[in-house]
Amino acid sequence: MTYKAPLGPRTAKGWIQEAAKRMLLNNLDPEVAEKPDELVVYGGRGKAARSPQDLQRILAVLERLENDETLLVQSGRAVGVFKTQPLAPRVIIANSNLVPQWATWEEFDRLDRLGLMMYGQMTAGSWIYIGTQGILQGTYETFAAAARKHFGGSLKGTLTVTGGLGGMGGAQPLAVTLNGGVALCVEIDPERIGRRLETRYLDLRADSLDEALRLAEEARRKGQALSIGLLGNTAEVLPEMVRRGFTPELVTDQTSAHDPLYGYIPILKADEDPALLRQRDPQGYKERVLHDMATHCRAIVEMQNKGAVAFDYGNNLRAFAKLGGFAEAFSYPGFVPAFIRDQFCEGRGPFRWVALSGKPEDIYKTDQAMMKLFPDDEGLHRWLREGVRKFKFQGLPARICWLGYRERDQAGLLFNEMVRKGELEAPIVIGRDHLDAGSVASPYRETEAMKDTSDAVADWPILNFALNAVSGAAWVSFHHGGGVGMGYSLHAGQVTVADGSEEAAYRLERVLTNDPGTGVMRHAHAGYEEAKEVAKNRGLDLAGWEK
Ligand code: NAD
């Protein structure tokens with residue numbers, strides 16, 4: 001079965017239902033999803049629907065759903081349709097949520113085996129994944145911030161060593177080369193390397209560590225931007241680099257370490273099959289994985305001790321390495337406190353949009369419109385002029401950029417106007433990652449090292465979720481375990497649809513103001529002066545507690 005978003009006139013009863021249908025199928029388009037046959041979109045086993053039957057049932061309901069009804073989805077399964085009201089979300093999604101004492105992979109796996117749950121990751125189960133581009137700009141911003149902080153503004157003449165070329169991790173090589181640097185990416189699956197080469201996220205493949213290091217050294221010396229994929233296991237390759245006394249300028253990782261059973265691959269003998277090992281002895285397999293994560297993480301710390309800038313890239317490697325026996329796993333920071341928090345204080349985060357027409361021209365027109373709307377945002381212009389030329393669209397044409405509080409609403413209303421005037425061929429879907437300023441509690445990632453130590457307070461994403469629902473989002477979602485795995489995060493998503501109508505403008509203005517507004521609020525409340533300033537200067541009402 002090959003999934004593809006339908007194009008042309010809508011067949012559902014409203015554009016929101018039609019958009020949900022197209023985005024769900026787009027998540028599973030073979031150009032977009034990592035393993036569409038298993039309904040896996042990205043991020044280890046982040047799925048769009050619980051089973052093929054559930055997928056078909058959701059699609060059937062979306063087709064018949066009235067404009068004053070709301071479909072409820074529980075861990076990838078349609079479970080009820082309720083009469084609500086026209087401005088309510090048409091879909092409310094809850095994925096992978098467990099009561100804290102039970103919030104472990106073991107309990108999740110038990111329920112998963114019984115067919116009672118699904119892992120939604122972040123945008124997989126909330127139907128707004130747009131392929132690797134979705135993470136590319138965030139990854140580009142992260143490496144740009146690292147370049148500004150440590151290397152005078154550019155990665156030229158530097159080497160970054162990292163692991164994982166999956167759905168998200170596949171953005172790393174291009175993000176590094178866009179910043180002028182050299183990337184050496186270790187990946188265990190040759191097909192993933194092939195896929196990144198095909199989509200031009202990766203420049204070339206090396207067949208051995210010797211060759212990879214030679215190519216990397218040469219490019220680094222000449223100041224050339226180059227990305228190299230090396231087939232291998234990070235738990236073997238990085239310690240080997242340390243043994244050889246090889247130190248990169250930057251070291252990080254995006255293997256799917258958040259999931260020790262189905263994500264991270266341990267060091268295997270030639271005749272060993274991870275699927276069989278998992279099945280025969282899940283506990284023994286997991287112990288091997290944790291041990292190897294510890295070895296991997298130790299190599300990162302050793303590189304840091306020799307001068308590399310090390311940061312965790314949001315996959316929870318440090319926590320599992322610690323469980324695997326490496327006590328100093330938290331010797332290096334996560335990427336949010338290291339590079340991103342300032343942006344969160346401004347409500348800046350990933351803003352993405354998708355052309356339901358399927359026409360790349362619609363996205364190119366929005367690119368031009370965005371540059372006119374934000375004439376002074378140099379980073380945005382560089383991204384839209386140069387960055388986006390480097391990759392192909394996957395599935396429905398889409399775009400991403402980072403925008404802040406009181407910017408996202410302007411962009412949403414602009415797109416709605418363009419649709420209304422007939423400048424675009426079909427409505428635009430607007431959404432974001434759950435990795436955002438106000439939508440997530442994740443103490444080893446987005447909320448690591450908060451100023452007031454409120455890292456684990458999860459009231460904030462719940463407020464974000466509910467506020468987006470009552471503000472008129474097209475669909476909303478609340479998930480557990482995204483990015484860093486079960487027990488480590490709670491987060492919310494929202495999607496809106498610009499179909500050119502007045503109702504859409506009403507919804508867009510509120511959701512796209514309030515959603516990033518909760519990010520500014522959360523950071524102001526945690527004591528970040530920048531966030532308080534943003535609230536003051538851009539008219540966000542903080543109910544007076546900050547005075
Ligand atoms: P993915 O499952 O699509 O890809 C992971 C890749 O790692 C796979 O290609 C796999 O073959 C490879 N891999 C696993 N073990 C390996 C090993 N020991 N050595 C070498 N390669 C190995 O996952 P993804 O979508 O790319 O996400 C990667 C990780 O990043 C996840 O843990 C995810 O939760 C996290 N993540 C980070 C961000 C962020 O912004 N930093 C956002 C989303 C997800």
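Residues numbered from 1 in each chain as written. Predicted model: local features only at pLDDT ≥ 70, side-chain atom pairs only at ≥ 80, totals over all residues.

Definition in use: UniProt positions are given in the numbering used here, feature names are shortened, and annotations may be inferred rather than shown by experiment.
For the protein chain, an unreviewed UniProt entry supplies the name Urocanate hydratase and the organism Meiothermus granaticius NBRC 107808. The Function (unreviewed entry) comment attached to the protein chain in UniProt states, word for word, "Catalyzes the conversion of urocanate to 4-imidazolone-5-propionate."

Comments concerning the UniProt feature "active site" (unreviewed entry) in the protein chain
Note the cut-off: We count a stretch as a helix when DSSP gives it H or I for four or more residues in a row; a strand needs E for two or more, and each element gets its number in order from the N terminus. By the convention adopted here, residues are in contact when the distance between their C-beta atoms, placed from the backbone, does not exceed 7 Å.
The UniProt feature table records "active site" (unreviewed entry) at C401. Tracing the backbone through its elements, the reader meets C401 in strand 13 (residues 398-403). What C401 contacts, discounting residues up to four positions off in sequence, is Q137, F351, L380 and W383.

So, the packing of helix 15 (residues 408-420) against helix 17 (residues 502-525)
Just so we agree on the cut-off: All axes here are fitted lines through C-alpha atoms, helices being fitted over the stretch that makes contact, and every angle between N-to-C directions spans 0 to 180 degrees. By the definition adopted for this analysis, an angle is roughly parallel if under 35 degrees, roughly antiparallel if over 145, roughly perpendicular if from 65 to 115, and oblique otherwise. Crossing handedness follows the turn of the near helix against the far one: under a right angle anticlockwise gives a left-handed crossing, and clockwise gives a right-handed one.
At a minimum axis separation of 8 Å, helix 15 and helix 17 run at an interaxial angle of 160 degrees. The angle between helix 15 and helix 17 falls in the class roughly antiparallel. Considering only the axes of helix 15 and helix 17, their crossing is right-handed. Contact residues: R408, D409, G412, L413 and N416 in helix 15; A504, A505, L508, E509, L512, T513 and P516 in helix 17.

Description of unusual backbone geometry
This is how the line gets drawn: Here exposure depends only on C-beta density: within 10 Å of a residue's C-beta, 20 or more other C-beta atoms make it buried, 12 or fewer make it exposed, and intermediate numbers make it partly exposed, the C-beta atoms being placed from the backbone.
You will see that W127, though not glycine, has its phi angle at about 60 degrees, which is positive. Tracing the sequence through the fold places W127 in the loop between helix 3 (105-113) and helix 4 (133-150). Here the phi dihedral of A543 falls at roughly 65 degrees; this positive angle occurs in a residue that is not glycine. Tracing the backbone shows A543 in the segment after helix 18 (529-537). For A543, a count of 7 C-beta atoms within 10 Å gives the class exposed.

Things to note about the domain arrangement of the protein chain
Under the convention used in this document: Annotation comment: domain bounds sourced from an automatic or database domain assignment. Put simply, Ala, Val, Leu, Ile, Met, Phe, Trp, Tyr, Cys and Pro go in the nonpolar bin, Asp, Glu, Lys and Arg in the charged bin, and everything else, Gly too, in the polar bin.
Here the protein chain is partitioned into domain 1 (73-115 + 343-537) and domain 2 (133-332). Taking the mean C-alpha position of each, domain 1 and domain 2 sit 27 Å from one another. Across the boundary between the two partners, domain 1 contributes 21 residues, which contact 19 residues of domain 2. Secondary structure elements with two or more residues in the side of domain 1 that touches domain 2: helix 3, strand 12 (349-355) and strand 13. Broken down by element, the residue count for the side of domain 1 that touches domain 2 peaks at four residues, all from strand 13. Within the side of domain 1 that touches domain 2, the residues separate by chemical class into eleven nonpolar, four polar and six charged.

Thoughts on the nonpolar core
The cut-off we apply is this: By our criterion, buried Ala, Val, Leu, Ile, Met, Phe, Trp, Tyr and Cys residues that link up through C-beta atoms within 7 Å make up a nonpolar core.
In this structure, M293, V354, I428 and V429 are the most contacted members of the largest nonpolar core, which totals 154 residues. Element by element, the count of residues in this core is highest for helix 10 (residues 282-305), at nine residues. In terms of domain composition, this core takes at least three residues from each of domain 1 (73-115 + 343-537) and domain 2 (133-332). Discounting chain neighbours no more than four positions away, the residues touching I428 are W353, V354, A355, L356, T366, F415, V419 and A498.

Notes on the pairing of strand 17 (residues 490-498)
Which entries qualify depends on this criterion: A pair of strands is treated as paired once DSSP finds two or more bridges between them.
Burial within strand 17 is extensive, with nine of its nine residues counted as buried. The alternating pattern of strand 17 places L490, A492, Q494, T496 and A498 on one face and H491, G493, V495 and V497 on the opposite face, and all of these are buried. Sheet topology places strand 14 (residues 428-431) next to strand 17; four bridges connect them, and they run antiparallel. When the bridges of strand 17 are listed, I430 appears paired with T496.

Digging into the environment of F108
Structurally, F108 can be placed in helix 3. The buried category is assigned to F108, around which 25 C-beta atoms lie within 10 Å. F108 sits 41 residues away from K149 along the chain, and the two C-alpha atoms are 40 Å apart. Leaving out residues up to four positions away in the same chain, F108 has contacts with S96, L98, M117, Y119 and M486.

Quick look at the packing of helix 16 (residues 459-471) against helix 17
For the pair helix 16 and helix 17, interaxial distance at closest approach is 9 Å and the crossing angle is 165 degrees. As summarised for this structure, helix 16 and helix 17 are arranged roughly antiparallel, according to the angle between their axes. Between helix 16 and helix 17 lies a crossing whose hand is right-handed. Facing W460, L463, N464, L467, N468 and S471 of helix 16, the residues of helix 17 in contact are R510, V511, N514, D515, T518 and R522. Residue composition of the contact of helix 16 with helix 17, grouped by class: four nonpolar, five polar and three charged.

Here's the deal with the site of the ligand
For the record, the criterion: We call a residue near a molecule or strand when its C-beta atom, built from the backbone, sits within 6 Å of it.
If you check the shell around the ligand, you find 34 residues, and the closest are G166, G167, M168, G314 and N315. Of all the secondary structure elements, the ones that give two or more residues to the shell around the ligand are helix 4, strand 7 (182-187) and helix 8 (234-243). Class assignment for the residues of the shell around the ligand results in twelve nonpolar, 18 polar and four charged.

Examining helix 1 (residues 15-27)
Spelled out, the test is: By this rule the span expected of a helix is its residue count minus one, scaled by 1.5 Å.
Look at helix 1: 18 Å from first C-alpha to last across 13 residues, which is about the 18 Å you get at 1.5 Å a residue. Of all 13 residues in helix 1, 13 are buried, a share of seventy percent or more.

Concerning helix 7 (residues 209-222)
The following threshold applies: The arc in question is formed by the directions pointing from the helix axis toward the C-beta atoms.
End to end, helix 7 covers 20 Å across 14 residues, agreeing with the expected 20 Å (1.5 Å per residue, within 8%). Along helix 7, the positions that sit buried rather than exposed are A212, A216 and A219. Looking straight down helix 7, one finds its buried side chains confined to an arc of 70 degrees; they lie on one side. Residues D210, E218, R221 and K222 are exposed on helix 7 and point more than 90 degrees away from its buried face. Of the surrounding elements, those touching the buried residues of helix 7 are strand 6 (159-163), strand 7, strand 8 (204-206) and strand 9 (226-231). Two residues or fewer after helix 7 comes G223, characterised by a positive phi angle close to 70 degrees.

Thoughts on the sheet that holds strand 10 (residues 250-251)
Backbone hydrogen bonds hold the strands of a sheet together, and the pairing may be parallel or antiparallel. Spatially, 8-9-7-6-10-11 is the arrangement adopted by the six strands of the open sheet, whose pairing is parallel. The sheet is open, and its two borders are formed by strand 8 and strand 11 (309-310), each paired with just one other strand. Across five bridges, the pairing between strand 6 and strand 7 is parallel. Looking at the pairing, G163 lines up with V186 of strand 7.

Observations regarding the confidence of the model for the protein chain
This is how it is decided: The predictor's confidence in any single residue is recorded as pLDDT, a number from 0 to 100.
On average, residues of the protein chain score 96 in pLDDT, and 100% of them reach the 70 mark or higher. Summarising per-element confidence for the protein chain, the mean pLDDT is lowest in helix 14 (residues 378-385) (87) and highest in strand 5 (residues 91-95) (99). For this predicted complex, the interface confidence reaches an ipTM of 0.98, while the overall pTM sits at 0.89.

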